[in-house]
Each structure stands twice: as structure tokens, then as C-alpha cells.
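Working through the structure, step by step
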Amino acid sequence: MIMSGSLVRRSGVALVSAAALVALPALPALPDGAGAPGAAYAAGRAGATGRGGAAQAGEHWRGGWAAAPQRPTEVFGKNWSGEGFARQTVRQVVRVGAGGAQARIRLSNRYGAAPLKVAGATLARADQGAAVRAGSVRQLTFGHGKSATIPAGGELLSDGVGLRVRALESVTVTLYFDAPTGPATLHALAGATSYRAAGDHRSDVGAAAFTETSQSWYYLSGVEFAGGGPARRDGIVAFGDSITDGYGSTIGTNRRYPDALADRFAAAGRPRGVLNEGIAGNQLVNTTADFGEKATARFAEDALNGPDVGTVILLEGINDIGMSEVAVGSGGPTPEVSVRQLIDAQRELIRQAHRRGVKVIGATLTPFKGAAYYTERGEIKREALNRWIRTSGAFDGVVDLDRALSDPADRGRMAAAYDQGDHLHPNDAGYRAMARAIDLDAV
């Protein structure tokens, strides 16, 4: 996929996202091993009982990596979601925040119109590009079968497989589809390169067959690990829109805001899974065709159903403000929202999390003066919402990302050193500054 940076800069899409906190336990050295597989399931959305529910008795699974599913869209440029796949292999590389001795993957057919047949899948340690490390390829099974079918609207959890993976290591997930899939559930703004090959190349170590590339992820929504650490509910979810999603960071370098936070935990000797559930363009109170279901609708499924989630960082609302002023994507401006509506939506997310025993850290909305959809009316709303986030006491903690990124001479504007150029999205240095704003010992 070619990311349409021009589209975002031209329209001023404020694709802000969530940040993450928490301090979690370090992972000791882990031996390679086959490990007994966990149980797999394929479930419809209504039937799913939580993504951690498929672990074997006595196993504790933790989230290592995640991406929020989206309906097929090419709002950010050409990708493979509209055509889907047939007799093709898709290879996807992701970096994990925390690892373990066993691994499994989660696949989503949330927006599929028909059942999705997965003919086979492998997991390996990543090498350069589409290549994987020799000797690391593991055949994945689903309920002990090599293939599986995911119902329309459902998801699929593989069996566990022995593969020793450390924090901040990259793994490669390879999927083979032998029958036409139809339009594909994806995560549009991957900020990483995926690869496609004709025919079945799921076990290839080399990259020669993978001649096509895309900058989206397809069907893959999670990588989870077990083994090597105590059972603690300490996973972190970064929830929001494009500032969590990483728009403006350098492609293929894992410099998104949640990645920078995972780097800090690892450097402190206590790696944690920081799961990125941002969707570029997402809103709190409005669902859009191009930018996902509204936060209040997708929060429970995307943020709370991981196997070990203990804390969510919520950074969302700037798109509700800005997109009501300027049309973005395929539709017109979204309905205007009041500050009260934004507050009520954030309170609803807090209630959803607290019912699951999950803490919520509120993040103030970052500056956007000079962005294409900036207005003085919108700035008044942003400032009012930020006052409420800082002072209401509704959250379990607050991260002042507004202050972390703003220009000291003009608090409504992002500091030039952190601005990727559209006065809305941070650059790599800005994402690092956001991660530095978090006290790792605070939660």
C-alpha cells in the first residue's frame, strides 16, 4: 500500500491515538521447546468469550502485539483489501513488546461477508524483508488441524507452538489462502511492509517468491505468548486513532508511540506488551466508513478482550472535533459534537473498563493549531476537554501529552521539533517525547 500522506496533510485528518502506561514483570531467559498446544477456537463476535479463554489449563497467555481490525478501505492508498486473496501467500512482520516460550496468533474475519478458509499458517523469527531465520519456522495448527474456517464476523485463535521469542524481537506470520477470500478485513495503516506470493510459500525461508508488497496488515490481529513469567494481569493497551496508530513515524522502523513505550519498559529491564489498538481517523462518538467503528462501539472488543489487559491509555477525541469542521475521507463532515458528548463518551469507556477490572489512564489531546481542520471553535472544545481530563478525577491516572508536545511559546501549537509537518501528527521525536511523558512506576 502506498500511504496517502498527501490525503491526510491536505484534509488535516487528526488521527490521534492512545498512549500507554504500566509497569510489568521482566521475562527471564526462555528455552526453545515444543510445548503442548493450547486449544483453538473460531467464534462469531457474539459468541466470543474473551481472547484469553482458549489457553490450556495452567497456562498464562500475554499479549505481545496487536492491531485493530477494519473493514476493507483504500482511504490511505491502494492495498489488497478489496480484491482479497486466492491461491496466494501473505507474509507479515510484526515486532512484539513482550515474548515467551510459546506463541499463538489471532486472526480476524470481523468484516468478512462470508466464512474465511485459512489453508495453512506458519510462525517464524523474522530476518531481512520477507526472509525468516533458518530453523525457526513453525507450522501452526487450529484445534490440531492444519487448516480452519473463520465464520463471517468471527475470529480464530491458533494452538500454541514452541518458539522462544524475546521482547522487542520481530516475528513473521505467513498465511496461505487456497480459495478466494473475498474482500479482506485489514488494518490499513500498518507503518510496516507486508509481502505476497503466488502459490503456497508458507514454509519458505527465503524471500524470492514474495514479489509484491503492501503497507497494511491483513486478517492478523494479535500475537500472544505464554511461558517464562508469572501470571499477572499487566498488559497495556494503547487505544485511540492515528497518533497511536503511528501516522508520521518512519515506515518500517517501529517508532510509533506505543513502540517507544515498549522500548522504555525493555530498557528498564521489565518488558511489557504494549498493544496498539489505534485506528487512523477513529472517533469517539461517530462511526465512519473509512476510519472504523466509533470508540464506544469497538472498545470492549479491541481494548478489553486481550488475555492479560490491566491498563488502557485513552487518547481520542480530536477527530470528532476536527472532522465535524472539514470533510475527510469518502464522506462529508461528521456530525458536530459538544464537549459534553465527548466527556460522556469517555465516561462510557471508563465504565466499560472498570466493569472488567481494567484501569484507564486519560491522555490529554495534543495541540493542533495550524492543522488543516483547525478552527478556533475546535480549539475551545479541545481545551475544555483537556481541563476535564486533568481535573475531573474520572480516570485512574492522567498523562498530559498536550503539555509534552506543545510549544512553550504557544501552547495551542505543537513544538516544531516534534511536528512531522502537518501541525497535527508527531514525528519520531514527538512519539518518543510522548513515551517519555509516562512515569513507568506510576501504574
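Everything numeric in this text was worked out from a predicted model, so none of it was measured. (Residues numbered from 1 in each chain as written. Predicted model: local features only at pLDDT ≥ 70, side-chain atom pairs only at ≥ 80, totals over all residues. Heavy atoms only, no water.)

Regarding the packing of aromatic side chains
Counted only if it meets this: When the centres of two rings from Phe, Tyr and Trp lie within 6.5 Å, Trp using its six-membered ring, the rings pair. Their planes under 30 degrees apart give stacked, over 60 give edge-to-face, and anything left gives tilted. In DSSP terms, a helix is any run of H or I states spanning at least four residues, a strand is any run of E spanning at least two, and both are numbered starting from the N terminus. Using a 1.4 Å probe on the protein chains alone, a residue whose accessible area is under 20% of its type maximum counts as buried, one over 50% counts as exposed, and one in between counts as partly exposed. Charge over a ring is defined by NZ of Lys or CZ of Arg lying within 6 Å of the ring centre and within 35 degrees of the ring normal.
Taken as a whole and assessed by the stated rule, the structure comprises 12 aromatic pairs. Note on Trp80 and Tyr218: the rings are 5.4 Å apart at their centroids and 25° apart in plane angle, and the pair reads as stacked. With Trp80 in the loop between strand 2 (61-66) and strand 3 (88-95) and Tyr218 in strand 15 (residues 217-218), the pair connects residues that are 138 residues apart, well separated along the chain. By the burial criterion, Trp80 is buried, and Tyr218 matches it. An aromatic cluster of three or more residues is present, and its members are Trp80, Phe85, Phe177, Tyr218 and Tyr219. One residue, Arg104, lies across the ring of Trp61, its end atom 4.0 Å from the ring centre.

Thoughts on the sheet that holds strand 11 (residues 170-177)
The criterion, for reference: Between any two strands, pairing holds if DSSP finds at least two bridges.
Taken in spatial order, the 6 strands line up as 7-6-11-3-13-14 in an open sheet, and their pairing is antiparallel. Two strands close off the open sheet at either side, each with one partner strand: strand 7 (138-139) and strand 14 (212-214). In this structure, strand 6 (residues 120-125) lies alongside strand 11, joined through 6 bridges in antiparallel fashion. Counted as the bridge partner of Ala124 is Thr172 from strand 11.

So, unusual backbone geometry
One non-glycine residue, Leu168, lies in positive phi territory at about 70°. Within the element layout of this structure, Leu168 appears in the loop between strand 10 (161-165) and strand 11. On the basis of relative accessible area, Leu168 is assigned to the partly exposed category, the value being 28%. Phi angles above zero are rare outside glycine, and Asn254 is one such case at about 55°. Its place among the elements puts Asn254 in the loop between helix 2 (242-245) and helix 3 (257-267).

Some points on the packing of helix 6 (residues 339-355) against helix 7 (residues 376-391)
Applicable threshold: All axes here are fitted lines through C-alpha atoms, helices being fitted over the stretch that makes contact, and every angle between N-to-C directions spans 0 to 180 degrees. Helix crossings fall into two classes, left-handed where the near helix is turned counterclockwise from the far one by less than a right angle and right-handed where it is turned clockwise. Contact criterion: two residues are considered in contact whenever any of their non-hydrogen atoms come within 4.5 Å of each other. Ten residue types, Ala, Val, Leu, Ile, Met, Phe, Trp, Tyr, Cys and Pro, are classed as nonpolar, four, Asp, Glu, Lys and Arg, as charged, and the remainder, Gly among them, as polar.
Interhelical geometry of helix 6 versus helix 7 gives an angle of 35° and a closest axis separation of 10 Å. Regarding helix 6 and helix 7, the two cross each other, and that crossing is right-handed. Contacts between helix 6 and helix 7 involve Val339, Leu342, Ile343, Gln346 and Arg347 from the first element and Lys381, Ala384, Leu385, Trp388 and Ile389 from the second. Considering only residue class, the contact of helix 6 with helix 7 consists of 7 nonpolar, 1 polar and 2 charged.

Things to note about the sheet that holds strand 21 (residues 397-399)
One key point about sheets: their strands pair by backbone hydrogen bonds, in either a parallel or an antiparallel sense. Spatially, 5 strands are ordered 18-17-19-20-21 in an open sheet, and the strand pairing comes out parallel. Each of the sheet's edge strands pairs with one partner strand only, and the pair in question is strand 18 (274-278) and strand 21. The mean angle between the axes of side-by-side strands here comes to 25°, regardless of whether they run parallel or antiparallel.

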